[in-house]
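Chain residues, written in single-letter form:
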Amino acid sequence: MGAFVLTFLLAFGCGDLCRGEAVAHYARLFADAGYGRLPNERAGFLIRETGGTLTFAPWHHSDFASARYRGAVPANVIAVVHTHPSSASPWPSAHDARVARTLALPVIVVAKHAVTIATPDGATRELFGGRWFANRYSTASTP
Ligand SMILES: [Zn+2]
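None of these values were measured; they are calculated from a predicted model.

**A few points about the sheet that holds strand E1 (residues 43-48)**
Part 1: Strand order in the open sheet made by the six strands is E2-E1-E3-E4-E5-E6, with mixed pairing throughout. Both outer strands of the open sheet, strand E2 (54-58) and strand E6 (124-128), are each paired with one neighbouring strand and no more. Recorded for the sheet is a direction-independent mean angle of 30 degrees between the axes of neighbouring strands.
Part 2: When strand E5 (residues 115-118) meets E6, the two strands line up antiparallel, connected through four bridges. Paired with Ile 117 across the bridge in E6 is Arg 125.
Part 3: Against the sheet, helix H2 (residues 20-32) makes contact with E1, E2, strand E3 (77-83), strand E4 (107-110) and E5, and its axis sits at roughly 30 degrees relative to E3, the strand it touches most.
Part 4: Together, E3, E4, E5 and E6 form the strand contacts of helix H3 (residues 94-103), whose direction differs from that of E4 by roughly 150 degrees.

Below, the structure written as structure tokens:
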């Protein structure tokens, strides 16, 4: 029974990837991408530091529509995070799913109407939907 519950949580819980600290990084990256209005993706690595703090290592911007990274994956990375412009689907692309499998890391898509994920086992699902971004800021700006 305990093993079943643990398996269930590992399969469906999103843990650190849904913490407020992580969502703040998603929101900052989304703002950097012009709130989905810019045609170019922004991306970076979500990192769990030794003490449990979540930090973000942004990739250099490029003129390519798709974000690209060359080099070794830094230590303690727990996800690759990137934006999709509002003109594109908020769901992970076939390429995103391949990257998740290849790196054995979740690939998170941050878009205007959803935050979605491609997991290394080939699954895709929604972490936050609808008005995730508006809700975050309406809460933050309420006195
Ligand atoms: Zn993508």
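Resuming the write-up.
**Topic: the confidence of the model for the protein**
Part 1: Scored by pLDDT, the protein comes out at a mean of 86, with 83% of its residues at no less than 70.
Part 2: Low confidence marks residues 4-11, where pLDDT is under 50. Its contacts with residues over four positions away, or in another chain, come to zero contacts.
Part 3: pLDDT under 50 marks residues 139-143. Its contacts with residues more than four places away, or in other chains, come to zero contacts.

**Re the pairing of E2**
Residues in a regular strand point their side chains to alternate faces of the sheet.
Part 1: With five bridges connecting them, E1 and E2 associate as antiparallel partners. Bridge pairing in E2 links Arg 48 to Leu 54.
Part 2: Hairpin connection, E1 to E2: the antiparallel pair is bridged by five residues, and Gly 52 has positive phi, about 100 degrees.

**Quick word on the nonpolar core**
Inside soluble globular proteins, nonpolar side chains tend to come together where they are buried.
Part 1: Counting 24 residues, the largest nonpolar core has Tyr 26, Val 80, Val 81, Ile 108 and Val 110 as its most contacted members.
Part 2: The set of elements that each furnish at least two residues to this core consists of H2, E1, E3, E4, E5 and helix H4 (132-141).

What counts, and where the lines are drawn
Numbering of residues starts from 1 in every chain and runs along the sequence as written. With the structure being a predicted model, the display of local features is reserved for residues of pLDDT at least 70 and the display and counting of side-chain atom pairs for 80 or more, all residues being used for whole-chain, interface and lining totals. Strands qualify as paired when DSSP identifies two bridges or more between them. Strands here are runs of E lasting at least two residues and helices are runs of H or I lasting at least four, both read from the DSSP assignment and numbered beginning at the N terminus. Angles run from 0 to 180 degrees between N-to-C directions of axes, and those axes are lines fitted to C-alpha atoms, restricted for helices to the stretch in contact. What counts as a contact is two residues whose backbone-derived C-beta atoms lie within 7 Å of each other. The predictor rates its confidence in each residue with pLDDT, a number between 0 and 100. Joining buried Ala, Val, Leu, Ile, Met, Phe, Trp, Tyr and Cys residues through C-beta atoms within 7 Å gives a set, and that set is a nonpolar core. Backbone-placed C-beta atoms define the burial measure: a residue is buried with 20 or more other C-beta atoms within 10 Å of its own, exposed with 12 or fewer, and partly exposed in between.

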